[in-house]
Amino acid sequence: MKTRTARRLLAGGATAACLAAATITATSATPSTDTITATSPTPSTTASPGTASATASATTQARPAARRSAPAVARPLPLGAAALAESRTSRQVAPGVTHIAIERGRESTDDFWTVTIGVATSETEAAALEGRVRAAGYEPRRDPTAGPDPRGLADRPLGWMVRVGRYADKAAADRARSEIAGRGLPASVQHTGEDGHPTTGPWSLDVLVVDPARFRGRLRAELADGIVPGRETTSAMARRTGALAAVNGGYFVIGGNRTTPGNWVAGTDGDLAGVSVVGGDLVSEAVNGRPALIVPADSGRGTSVRRVGTRLTVRTADGAVHEVTGLNRQSGLVVNCGGVGNATPFARPAHDYTCGNPDELVAVTPKFGTTAPEGPGYQVTLDADGRVTSLQEHRGGPVPARGTVLQGTGAGARWLREHARTGATLTVRGTVVDAEKGTWLPLTPKTSVLNGGPLLLRDGGLALDPVRDGWSPEDIEGADRAAFYNGWYLRRNPRTAAGVTRDGHLVLLTADGRRPGHSAGLSVPETAAVMRALGAVDALNLDGGGSTAMVVRDELQGLPSDAAGERPTGDALVVMPGAPPAPGS
């Protein structure tokens, strides 16, 4: 698996890509196997708009002219000042599939490394933090957050980041952090170019556009290792499936070491933290009301972004019905909240928070693998026809290859004990529902659904609602969610997003981040603005940070932000090749 270098080599006078109209076409039906490369120096601070492409020193590999992408006009990305240099390179991956690499801006001399002690949302909190900093022997500084509290007035910031020092490099900031932490203060190293305030970048982004009218392959969701537990890199999923391209998918559990609800992510490693449909099979329940990417056909035709919920039930032969509260996960651990039934402390979404439920009835299918989650409760095993084959007074054990395991705790366990009898039939049903219209979404063997959030665009306009989607800065049972909101939503991070243009093209975006000098990343509002500039009218955020990854022709685009390299994830959206033409055709 090849990996891009930090500053990618782009073509001088790089081919502009008009994503809004999706007019990038090639004169040859055969995708090129050559990539355009060039050297592009850091643009001068005095460069005027549009001069970067014309003045770049470029060397282009020999490539048949007939295979080049036809030039078009594109709007510059709304990142930094309009005069910032921006270059783009496009290539056809397959008929109907285009990859565009975008480099914009330059490193700012005004940005620097610093040590952040905490985030304060009131004068009282800020003064208290500053007092602790001074007592430890340091002089504090207040930097305002880059956006307001979404629950309050838009003309004032959420609060301040209380900080110490200005450092030219990360190593110096790391040494200062260690010293400050040794004096009993919470401390983390951050770069001010990632705060979300105006900067010059730079930004390094990759875009994949799929035109359903021309694409002859298959778009589909792919589970890591083909099952829910465990994780796999996007590169490995692309390689294993033979994909032309792939991007990382939705949110998931990392580690699986925590086993109780709280201000963390708990559950089975790799468990999808939101709705998932793979090959028409519902694999994971929704964080109800949050957006999802719906891909109903192989070509991507009809792809949409919708707020969704799931409805799952189990019914006995005599008509008794009980709600199924979870699917393919550990009972009592509702990651990102937004659950149903007796959810605690609430049923609304709360990102990266695990809610609880003492009265669960969870269905486990072969998509979870061969072994069901273990723990106290009651368990019923069904065969392929829904007949009860076994009953047991604890959870765990084998999952039949063509059956279902029902696991109950609390009221769910009591219902199973009362209604499940060996040889009786229980019918488990599940569907995905448009949360705003209340209509069912048809699931066919070609349907894929990936979880995400927050919602970015609706009908061409900004649709940001962090409170509704689970990013509220309101503290939860003492957990500081204001700092979480600032770090996750307002500050810049690596991002992955998906959207649909007005004429039905699928736009997939990845933006590198957390690498000053290479790419600053995007805030959530910036991600929405970029997707709109790329022509999307409906869009959502997918998992980002260290999970962000795009693979094109077995090559990882950009640089992962994790020190260990590309992060294994829970699922991906893969772009599969079409069937080869028949001999003689």
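Coordinates for the structure precede this section.
Position numbers for residues count from 1 along each chain, tracking the sequence in the order it is written. Local features are withheld for residues below a pLDDT of 70 in this predicted model, meaning they are given only at 70 or higher, and side-chain atom pairs are given and counted only at 80 or more; totals for whole chains, interfaces and linings count all residues. The side-chain numbers reported here are obtained from all heavy atoms of the structure, hydrogens and water having been left aside.

By definition here, a salt bridge exists when the distance from a side-chain nitrogen of Lys or Arg to a carboxyl oxygen of Asp or Glu is within 4 Å. As enumerated under the stated definition, the model contains 28 salt bridges in all. Across the pair Arg-387 and Asp-385 runs a salt bridge, and its minimum N-O distance is 3.3 Å. The class of Arg-387 is partly exposed, set by a relative accessible area of 39%. Think of it in three bands: residues with accessible area under 20% of the maximum for their type are buried, residues over 50% are exposed, and the middle band is partly exposed, with areas taken using a 1.4 Å probe on protein chains only. You can call Asp-385 exposed: its relative accessible area is 54%.

Once that is clear, we can look at the state of the cysteines. In plain terms, two cysteine sulfur atoms within 2.5 Å form what is called a disulfide here. All chains considered together, the criterion is met by one disulfide. In this model, Cys-337 is linked to Cys-355 through a disulfide, with the two sulfur atoms separated by 2.1 Å. Its S-S torsion of about 90 degrees marks the bond between Cys-337 and Cys-355 as right-handed, since a negative value means left-handed. Here Cys-355 lies in strand E18 (residues 349-355) and Cys-337 lies in strand E17 (residues 334-337), a separation of 18 residues in the sequence. For the pair Cys-337 and Cys-355, a shared accessibility class is recorded, and that class is buried. To qualify as a helix, a DSSP run of H or I must reach at least 4 residues; to qualify as a strand, a run of E must reach at least 2; elements of each kind are numbered from the N terminus.

Before going further, it helps to spend a moment on unusual backbone geometry. In this structure, Pro-202 follows Gly-201 across a cis peptide bond, with omega equal to 0 degrees. Here the residue pair Thr-344 and Pro-345 is connected by a cis peptide bond, since its omega of 0 degrees sits within 30 degrees of zero. Here Pro-345 is to be found in the loop between E17 and E18. Of note in the backbone geometry, Cys-337 takes a positive phi value of approximately 55 degrees without being a glycine.

Strands were regarded as paired on the criterion that DSSP finds at least two bridges between them. Where strand E28 (residues 455-458) and strand E32 (residues 536-541) come together, two bridges link them in antiparallel fashion. Looking at the pairing, Leu-455 lines up with Leu-540 of E32. One ladder, built from two bridges, connects E28 with strand E29 (residues 461-462); its direction is antiparallel. Residue Arg-458 lies in a different strand from E29, and its bridge partner there is Gly-461. The turn linking E28 back onto E29 is made up of two residues, and Asp-459 within it adopts a positive phi angle of 55 degrees.

With 38 residues, the main nonpolar core has Leu-208, Leu-219, Leu-293 and Leu-573 as its most contacted residues. Of all the elements, strand E9 (residues 218-223) adds the most residues to this core, at three residues. Sequence-distant contacts of Leu-573, defined by excluding residues within four places in its chain, comprise Leu-219, Arg-220, Ala-221, Ala-245, Ala-246, Val-247, Leu-293, Leu-450, Leu-506 and Leu-508. In this text, buried Ala, Val, Leu, Ile, Met, Phe, Trp, Tyr and Cys residues form a nonpolar core when linked through side-chain atoms within 4.5 Å. Core analysis: the next-biggest nonpolar cluster, separate from the first, contains 36 residues, Ala-273, Trp-471, Ala-511 and Ala-539 among them. By the convention used here, residues are in contact when the closest approach between their heavy atoms is within 4.5 Å.

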